[in-house]
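Coordinates in review
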Amino acid sequence: MNLLLFFILGLLVHFVFFVSIFDIYFTSPLVHGMTPQITPLPPPARRLVLFVADGLRADSLYELDENGTSRAPFIRNVIMHKGSWGISHTRVPTESRPGHVALIAGFYEDVSAVAKGWKENPVEFDSLFNESKYTWSWGSPDILPMFAKGASGDHIYIHCYTAEKEDFGAQDAARLDTWVFDQVKDFFQSAKSNQSLFSKLNEEKIVLFLHLLGIDTNGHAHRPSSREYKDNIRKVDDGVKEIVSLLEDFYENDGKTAFVITSDHGMTDWGSHGAGHASETLTPLVSWGAGIRYPQQVSTQLFDDEFLKEWQLENWKRQDVNQADIAPLMASLIGVPFPLNSVGILPLDYLNNSDLFKATSMFTNAVQILEQFKIKMTQKKEVTLPFLFTPFKLLSDSKQLEILGKARSYLKQEKYQDVKLHHLLPCSFVVIGVLIAFFLLIQAYPWTYYIYCLLPVPIWYAVLKEFQVIQDLIASLLTFSGKYSVVFLLVFTLGIEILVLSFFYRYMLTAGLIAFAFWPFFTQLWIQAKITSLGWTFFSLLLAVFPLLPVVGREPNITLVIGAGLLIFLISLSSFVYLWKSKKKYISENLPVHLCQMVGVLISTYIVNSTHSSLLQKQGLPQINQIVSWTILAFSLIVPLLGSTIVFQRLLSILLSLMSTYLLLSTGYEALFPFVLWCLMLAWIRVEQEMLQQSGVSCTQKLTSIHFAYNTDITQVRQLHLDDIRRSFFFVFFILTAFFGTGNIASINSFDPSSVYCFLTVFSPFMMGSLMMWKILIPFVLVMCAFEAIQVTTQLSSKSLFLIVLVISDIMALHFFFLVKDYGSWLDIGTSISHYVIVMSMTIFLVLLSGLAQLLTTKKIKLWGKTKPHFM
């Protein structure tokens, strides 16, 4: 009972620490209650048209093709004759939602959105659309509803195609953009016969937003260097030209329309985005029309890059901005208040207006940003003790008044350019708890802070109550020789640091596996079991290659997937022949299962090849392939339960069933990874049997005669040996190798939708994510099943295992707790969070994984003949 209470308490403590990072690091920085700020001068434009070409790289738009001509001639003509241009520098994470929020609301990624991914912002926010009189928008259902949700009033109208149209594997995705352009044309045509709509369209302060997703979709499916991606740019250029002409006719060339075309993010050469590479953060910005400065021809420009020369635009002044600066630019053009949460700075060089308008707009922009600071300072001051609150000296109340006063003065003067122990122990901890609670109460901290600060009190009380146990542990450790203890401590510390570093540098896994490979040569294992040692060394070195290879997804290679499928089929065939010769009883009982799994591997290999060919020919995903793929996935966890529970046979059955699914989810060399990992796991089982014999425990059974046992006989479970710490470390290391061996899923940037094309090609984040998670879990299952075999063959208690793993994971957690980041790209934020989450939830995760592994290794479903006992 006490053990159960301690286990529950341990789970609770780790759950609290796990949740705490989201409350500490990922609280929304947005504030509310600011007063809207608007430039008190007539705006230059009555309406604004915003084109956002999702996933468009700056170089892809501005560069000339191999023939020396522009793939976007209309936009290039605008750059040279009608408007201003430059590069919009996005911030990480370079994803669609934060990119559009920066463009339209003027603030960068809200860190509290980390729990919601790409779909929506976690709190309400103001935007250009909300401040407009009317906004009409056309495009993706993933973007448009975000700006209508929470808007004040019903003045934001959205027109979206269905989510099923966002299909990576169907016909050319440029049809998404064609849909948008056609809808806009039909909309304005209908307005001519709809007096109410016609009147609204002729109001001032209106916005037309065209979200163009085709370029991004083609980039993901075919890469930015593909013909499809580049042709899509031409189609967008043609569509923009047609819409501009249509609007000029509709408004009778009144000169009151401002146009902006830009992108939410770029894209890497391998078709992904989310991180901070220049190809992802450099996006185009071209603006023209009412209130926009005309082109400026110059002889020199102050940029260190070579882009101007490559694009042959060195004579047209380039004016770079930060992405959030576009929101105040658009607000000033149509005379609406700057979005309340905007941190963008008005890019004056884009404006074609008087110095008075520019200076007044810049002053309004500054006051709008200052309003956010004042609200935030007031909120902080209200919940902080006076002697603990330190105001920001550069923006104290007096400094604010001084700066604003000078600015107003310059405006009036038209100077626009200036502008204790066991009996006392309980009482002591009660007093400490009361003092902590009182301190938190008077500062009005949220209730979560009470949990964080008070939870250590009962934990340290429980520790000090067991002081005698701690003394006994120290005395036990002192029985070892000083030299042995120091060496063991150094090796253990080095091992922990390798585990930590492997989260950041995949090649540390290679270093660890190489050390594992040569470890038998420094023990008695090499003398007593040379073949086992050589097998361990070979497969350790072979597995060490994978962390050195590029992250999965960048360079698909279906040939390797097909080769892996054929290799696994040949290995299964060889195993079948071996078992036929050595154990006829096994064959008679398990022939149908084994043959079914061998055929399944072949079918999966064929489907991968067939689907890849069909998608290359733009024929989409064959329905029969899709049905068979889902069928194989559905039966992958059932078929192993039909076979024998003998260790080797069951482990082989699990490999074949899971590999059938893994092949369908593979795009390159990772298809070989589970097989090599499984071979190393078999070698590890044999190594641990040999090592246990060296410690005086008899364990001579072969893997082809030992059965998995669900209820281990407690009389057979031995006490922990010091060597069990090494076994636990090996286990943790292999778990991390299974996780990071072919990449790092903490980064959104590593995700490649082509991995799931055998199952679906229509964009579905939940379904695609679920399939990718199962792909990631398969190597875990193989490692956990192998360790179940080690527990059976070495009589190692799983409870003892989790205690050791808990210690290892908590030591690692101390590293990662202080490395959690709340800024940067998903590669930075997601990686720091995932590192902490992995080590904090490792024990809970292993408990669940152990349950799945026990199910796969010990249970047997009998479909034919009489039910027989599981064990010999």
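Residues numbered from 1 in each chain as written. Predicted model: local features only at pLDDT ≥ 70, side-chain atom pairs only at ≥ 80, totals over all residues. Heavy atoms only, no water.

What follows is about the sheet that holds strand β2 (residues 83-89). Pairing between the strands of a sheet is mediated by backbone hydrogen bonds and can be parallel or antiparallel. Taking strand neighbours across the sheet as the criterion, the eight strands line up as β4-β3-β5-β1-β6-β7-β2-β8 in an open arrangement whose pairing is mixed. Of all strands in the sheet, those with a lone pairing partner are β4 (156-160) and β8 (321-322), marking the two edges. Inspection of the sheet shows strand β3 (residues 134-139) paired to β4 by five bridges, in the parallel sense. Each residue of the ladder has a partner; that of Trp138, found in β4, is His159. The strands touched by helix α3 (residues 73-81) are β2, β6 (257-262) and β7 (282-289); relative to β7, the strand with the most contacts, the crossing angle is about 65°. Packing against the sheet, helix α13 (residues 326-334) makes contact with β1 (47-53), β2, β5 (206-212), β6, β7 and β8, and its axis sits at approximately 155° to β1. (Pairing = 2+ DSSP bridges. Helix = DSSP H or I, 4+ residues; strand = E, 2+ residues; numbered from the N terminus. Contact = heavy atoms within 4.5 Å. Axes fitted to C-alpha atoms, helices over the stretch in contact; angles between N-to-C directions.)

Per-residue pLDDT for the protein averages 84, and the proportion of residues at 70 or more is 87%. Across the protein, β6 holds the top mean pLDDT of 98, while helix α19 (residues 467-477) sits lowest at 63. For residues 710-716, every residue scores under 50 in pLDDT, and the model assigns this stretch five contacts once sequence neighbours within four places are set aside. Taken as a whole, residues 745-750 scores under 50 in pLDDT and shows 21 contacts with residues more than four places along the chain or in a different chain. (pLDDT = per-residue confidence, 0-100.)

Here we come to the nonpolar core. By size, the foremost hydrophobic cluster in this structure holds 115 residues, and its most contacted members are Trp536, Phe731, Phe734 and Met812. Broken down by element, the residue count for this core peaks at 16 residues, all from helix α30 (residues 765-794). With sequence-adjacent residues up to four places away left out, Phe731 is seen in contact with Trp684, Val783, Met784, Phe787, Leu801, Val805 and Leu846. In this structure, Phe51, Tyr62, Val244 and Val286 belong to the second largest nonpolar core, which totals 53 residues. (Core = buried A, V, L, I, M, F, W, Y, C linked by side-chain atoms within 4.5 Å. Buried < 20%, exposed > 50% of the residue type's maximum accessible area, 1.4 Å probe, protein only.)

What follows concerns α3. Those residues of α3 that fall on the buried side of the exposure criterion are Phe74, Ile75, Arg76, Val78 and Ile79. On its buried side, α3 packs onto α2 (58-62), β2, α10 (227-250), β6, β7 and α12 (307-311).

Here we take up a nonpolar patch on the surface. A cluster of nonpolar side chains, Phe387, Leu388, Phe438, Phe439, Leu441 and Ile442, forms an exposed patch at the surface whose accessible area comes to about 650 Å². Following the sequence through the fold, Phe439 ends up in helix α16 (residues 425-442). (Patch = residues over 30% accessible without salt bridge, like charges linked within 9 Å, V, L, I, M, F, W, Y side chains within 5 Å. Areas by Shrake-Rupley, 256 points an atom, 1.4 Å probe, with all protein chains shown as cover. Salt bridge = Lys/Arg side-chain N within 4 Å of Asp/Glu carboxyl O.)

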